[in-house]
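What the coordinates show
Okay, here's what each chain looks like letter by letter:
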Amino acid sequence: MSEKDTIATVLGFMPPFATTMGMTVDQMHAGLPVIAYDYGPSVMGRPGFLHGGALSGLMEVAAIAALRVTLGKDESDLKIKPVNITINFMRGGRELRTYAVGEVTRIGRRVANVEAKAWQDDPAKPIATVFMNFLLSAPR
């Protein structure tokens, strides 16, 4: 699948809240989509900072996007259900564009583990990370 097709596929399965918050695929990095949004009223927390829930939502979408891309077209009908999530907030997100990328760390027949990180200025300085476990099941 080409990079353009991958981006279109990711945009196609984004949940409605992601669109409302302004999330988009900013770029592809090492075959994985980098999801981003700009600072604005829909992601604002206390004055001048991102809302923690908005930041968590960004990383969740990045994790799901990474898992979907890793599963590939052959497994596109597979249902994924988050069963566990651990979030680490490292510093406050400021009034800047925010990025997140997920990486599948383990994938089995029934369970997948995904890590995602969010940053603003420098990917080497994340503002938050998330570890998610997903249950994989065939569609009913």
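Scroll up a little and you will see the structure.
Residues numbered from 1 in each chain as written. Predicted model: local features only at pLDDT ≥ 70, side-chain atom pairs only at ≥ 80, totals over all residues. Heavy atoms only, no water.

Observations regarding the pairing of strand β5 (residues 111–119)
Each regular strand carries side chains that alternate between the two faces of the sheet. In plain terms, the rule: Only strands joined by at least two bridges in the DSSP assignment are considered to pair. Secondary structure elements follow DSSP: runs of H or I of four or more residues count as helices, runs of E of two or more count as strands, with numbering from the N terminus.
Strand direction decides the pairing type here: strand β4 (residues 98–107) and β5, joined by 8 bridges, are antiparallel. By the bridge assignment, Arg106 is partnered in β5 with Asn113. In this structure, the hairpin formed by β4 and β5 is closed by a connection of 3 residues. Looking at chain direction, β5 and strand β6 (residues 128–137) are connected through 8 bridges and run antiparallel. Counterpart to Ala118 in the pairing with β6 is Ala128.

Considerations on the packing of aromatic side chains
To keep it simple, the criterion reads: The criterion for an aromatic pair is that two Phe, Tyr or Trp rings (for Trp, the six-membered ring) have centres within 6.5 Å, with stacked assigned to planes under 30 degrees apart, edge-to-face to planes over 60 apart and tilted to the rest. Classification of residues uses two cut-offs on accessible area relative to the type maximum, computed with a 1.4 Å probe and protein chains only: under 20% is buried, over 50% is exposed, and between them is partly exposed. Lysine NZ or arginine CZ positioned within 6 Å of the ring centre and within 35 degrees of the ring normal marks a charge as sitting over the ring.
Enumeration over the complete set of coordinates arrives at 1 aromatic pair. Seen from their ring centres, Tyr99 and Trp119 are 5.7 Å apart, and the 20 degrees between their planes marks the pair as stacked. Of this pair, Tyr99 sits in strand β4 while Trp119 sits in strand β5, and the two are 20 residues apart along the sequence. The pair formed by Tyr99 and Trp119 is uniform in burial state, with each residue classed as buried. The cationic tip of Arg46 hangs over the ring face of Phe49; the distance from NZ or CZ to the ring centre is 3.9 Å. Between the NZ or CZ atom of Lys117 and the centre of the ring of Trp119, over which it lies, the distance is 5.7 Å.

A short note on the packing of helix α1 (residues 3–13) against helix α3 (residues 52–71)
For any two helices packed against each other, one specifies the inter-axial angle together with the distance between the axes. What counts is decided by this rule: In this description, a line fitted to the C-alpha atoms serves as the axis of each element, helices being fitted only across the stretch in contact, and the angle between N-to-C directions of two axes falls anywhere from 0 to 180 degrees. Roughly parallel covers angles under 35 degrees, roughly antiparallel covers those over 145, roughly perpendicular covers 65 to 115, and oblique covers all other angles. Handedness of a crossing follows from how the near helix is turned relative to the far one, being left-handed for an anticlockwise turn of less than a right angle and right-handed for a clockwise one. Contact definition: two residues touch when any of their heavy atoms are within 4.5 Å. Gly is put with the polar residues, along with every residue not named as nonpolar or charged; the nonpolar set is Ala, Val, Leu, Ile, Met, Phe, Trp, Tyr, Cys and Pro, and the charged set is Asp, Glu, Lys and Arg.
Where α1 contacts α3, the axes come no closer than 10 Å and their chain directions differ by 130 degrees. In terms of their interaxial angle, α1 and α3 are classed as oblique. Considering how the two elements wind past one another, α1 and α3 form a crossing that is right-handed. On α3, the residues that touch Thr6, Val10 and Phe13 of α1 are Ile64, Ala65, Arg68 and Val69. Counted by class, the contact of α1 with α3 contains 5 nonpolar, 1 polar and 1 charged residues.

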